[in-house]
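# Fold and contact review
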Amino acid sequence: MPQDIVVGIDGSTEGLAAAHWAAQEAQRRGTGLGVIHVWHRHPRPAPYVPMDSTERDWAEQLLREAVRSVRAAHPGLRITERLVCDATVAGLLKATADADLLVLGSRGLGALGGFLTGSVSQRVVGRSTRPVVLVRAGRSAADEHLPATDGVAPEEIPETPYRQVVLGLRTDRPCDELIEFAFDAARRRGTGLRVVRAFRTAFRSEPVPSLPLASAAPEGPPPVPRPQAQALADEERTVAAVLRPWREKYPTVPVTETVSEGRAAAVLVRAAQEAGLLVVGRRGIDQQVGVHTGPVTHAALHHVGCPVAVVPHD
């Protein structure tokens, strides 16, 4: 039976972190969780498989251990497990075609870590028709919440407020799927939504009058750039207009609008430093192996420490 949320595990610490994040999300949504491990046969046994075990036996063991860990932490959650023999990316995409959400692990941050070219996670993100959330190794339930005050017991951490959800917004082509995902995530967490819009100031200059030969100063006004304050005001009005119907649909979600001049990738990475979840979009489906997610999404995947949700849209 298709699950609303599916997590792919591979025996790594980041895969296990993704499994626990997916379990928490399933509990927030009141759904079950599907745990999947995709393996494939090699002409020779893979070096990580013990000599006294087959590749299938090793794959079954990885899946059992991940499910056991999730069950221990989330005893009331309905969990199904599935072992798939296929190419990793193709197997994940086929097995999760009907899921509402796919969750995967990522290796780390920085130019040499995280979503390296050719990695499974990046190829899945670029080809999935469903939203994909990437979770870093070492993430825990406490990381989704604001810092607990001194004296708070571990079991009381879920009662502390959630960190805000951050949404990267484009106003030239706003996407309903992306905006709704972010609002719904904030509503389920009972937290605020910070909507971030970055823009670059467009300068408008008047033509420079020609100078008389005997004159050292031009006649008429100097070049006049479009005032940055005017550009900021225009962008703020546009963001407010785009979000107005969503504020009405989700009246319980506090919304903060952040509009600033600068490169979108840099602005969004800074805004997500203290977030619990970052939501970005990816336009279109790329069926090629070499996937391009766009500069903003690419930067988020490489340099943001919190879980990143990538929502595909037309």
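Everything discussed here concerns the structure shown above.
Let me begin by describing the structure that accompanies this report.

## Re the packing of aromatic side chains
By the definition in use, this model includes 2 aromatic pairs. The ring centre of W21 lies 5.8 Å from the NZ or CZ of R28, which sits over that ring.

## With respect to helix α1 (residues 13-29)
Every α-helix carries 3.6 residues per turn, so stepping three or four residues along brings you back to the same face. The terminal C-alpha atoms of α1, which comprises 17 residues, lie 24 Å apart, in line with the 24 Å expected from a rise of 1.5 Å per residue. Within α1, 13 of the 17 residues are buried, which leaves it mostly tucked inside the rest of the structure.

## Brief notes about helix α6 (residues 228-249)
The end-to-end C-alpha separation of α6 is 32 Å, in line with the 32 Å expected for 22 residues at 1.5 Å each. At L243, α6 shows its largest bend, some 40°, and a proline, P245, comes one to four positions later. Three or more residues of α6 are buried, namely A231, E235, V239, V242, L243 and W246. In this fold, the buried residues of α6 make contact with α5 (176-189), β7 (193-199) and β8 (255-261).

## Digging into the side chain of R189
Positionally, R189 belongs in helix α5. Separated by 3.1 Å, the side chain of R189 and the backbone oxygen of A185 make a polar contact. Leave out the neighbours within four places in its chain, and R189 touches W21, E25, R28, E144, Y162, V165 and L277.

## As for the sheet that holds strand β9 (residues 277-283)
Reading across the sheet, the 10 strands line up as β3-β2-β1-β4-β5-β10-β9-β6-β7-β8 and stay open at both edges, with mixed pairing between neighbours. Only two strands of the sheet have a single neighbouring strand rather than two, namely β3 (79-85) and β8. Across the sheet, the axes of successive neighbouring strands diverge by a mean angle of 25°, strand direction being ignored. As paired elements, strand β6 (residues 165-168) and β7 share 4 bridges and run parallel to each other.

## Things to note about the packing of helix α3 (residues 88-95) against helix α4 (residues 120-127)
Closest axis-to-axis distance for the α3/α4 pair is 10 Å, and the angle between their directions is 45°. In terms of orientation, α3 and α4 fall into the oblique class. Viewed along their axes, α3 and α4 form a crossing whose handedness is right-handed. Here T88, V89, L92 and L93 of α3 lie close against α4, whose contacting residues are V120, R123, V124 and R127. Tallied by class, the residues present in the contact of α3 with α4 amount to 5 nonpolar, 1 polar and 2 charged.

## Some thoughts on the side chain of T297
Counting through the fold element by element, T297 comes out in helix α8 (residues 295-303). For T297, a relative accessible area of 3% translates into the label buried.

## Regarding the pattern of salt bridges
On inspection of all chains with the given rule, the structure shows 17 salt bridges. Measuring nitrogen to oxygen at the nearest pair gives 2.9 Å for the salt bridge that ties R189 to E25. Linking R189 in helix α5 with E25 in helix α1, this pair joins segments that are 164 residues apart in sequence. The two residues R189 and E25 agree in class, both being buried. Salt-bridge contacts for E261 lead to R200; the nearest nitrogen and oxygen are separated by 3.4 Å. Of this pair, E261 sits in strand β8 while R200 sits in the loop between β7 and α6, and the two are 61 residues apart along the sequence. By relative accessible area, which is 34% here, E261 ends up partly exposed.

What counts, and where the lines are drawn
- In this convention, every chain numbers its residues from 1, walking through the sequence in written order.
- Two thresholds apply to this predicted model, a pLDDT of at least 70 for residue-level local features and 80 or more for giving and counting side-chain atom pairs, whereas whole-chain, interface and lining totals are computed over all residues.
- Neither water nor hydrogens contribute to the side-chain values; these are computed over all heavy atoms in the structure.
- Pairing of aromatic side chains requires ring centres within 6.5 Å, counting the rings of Phe and Tyr and the six-membered ring of Trp. Pairs whose planes differ by under 30 degrees are stacked, by over 60 edge-to-face, and all others tilted.
- Two conditions define a charge sitting above a ring: the NZ of Lys or the CZ of Arg must be within 6 Å of the ring centre, and it must be within 35 degrees of the ring normal.
- Where helices and strands are cited, they refer to DSSP runs of H or I of at least four residues and of E of at least two residues respectively, numbered from the N terminus.
- The span expected for a helix works out to 1.5 Å for each residue beyond the first.
- Residue burial is assigned from relative accessible area. The probe radius is 1.4 Å, only protein chains are included, and a residue is buried under 20% of its type maximum, exposed over 50%, and partly exposed in between.
- The angle separating two fitted axes, one through the seven residues that finish at a residue and one through the seven that start at it, defines the bend at that residue.
- Only heavy atoms matter for contacts: two residues are in contact if any of them lie within 4.5 Å across the pair.
- As used in this structure description, the phrase polar contact means that two N or O atoms lie within 3.5 Å; if the pair is within protein, one of them must be able to donate a hydrogen and the other to accept it, and residues adjacent in sequence are counted only when both atoms belong to side chains.
- By the convention used here, strands pair only if DSSP detects at least 2 bridges between them.
- Interaxial angles span 0 to 180 degrees and are taken between N-to-C directions of axes, which are lines fitted to C-alpha atoms, for helices over the stretch in contact.
- Relative orientations are named as follows: roughly parallel for angles under 35 degrees, roughly antiparallel for angles over 145 degrees, roughly perpendicular for angles from 65 to 115 degrees, and oblique for any other angle.
- Each helix crossing is assigned a hand: it is left-handed if the near helix lies turned anticlockwise from the far helix by less than a right angle, otherwise right-handed if that turn is clockwise.
- All residues other than Ala, Val, Leu, Ile, Met, Phe, Trp, Tyr, Cys, Pro, Asp, Glu, Lys and Arg, Gly among them, are scored as polar; the first ten of these are nonpolar and the last four charged.
- Basic side-chain nitrogens of Lys or Arg form a salt bridge, by our definition, when they fall within 4 Å of a carboxyl oxygen of Asp or Glu.

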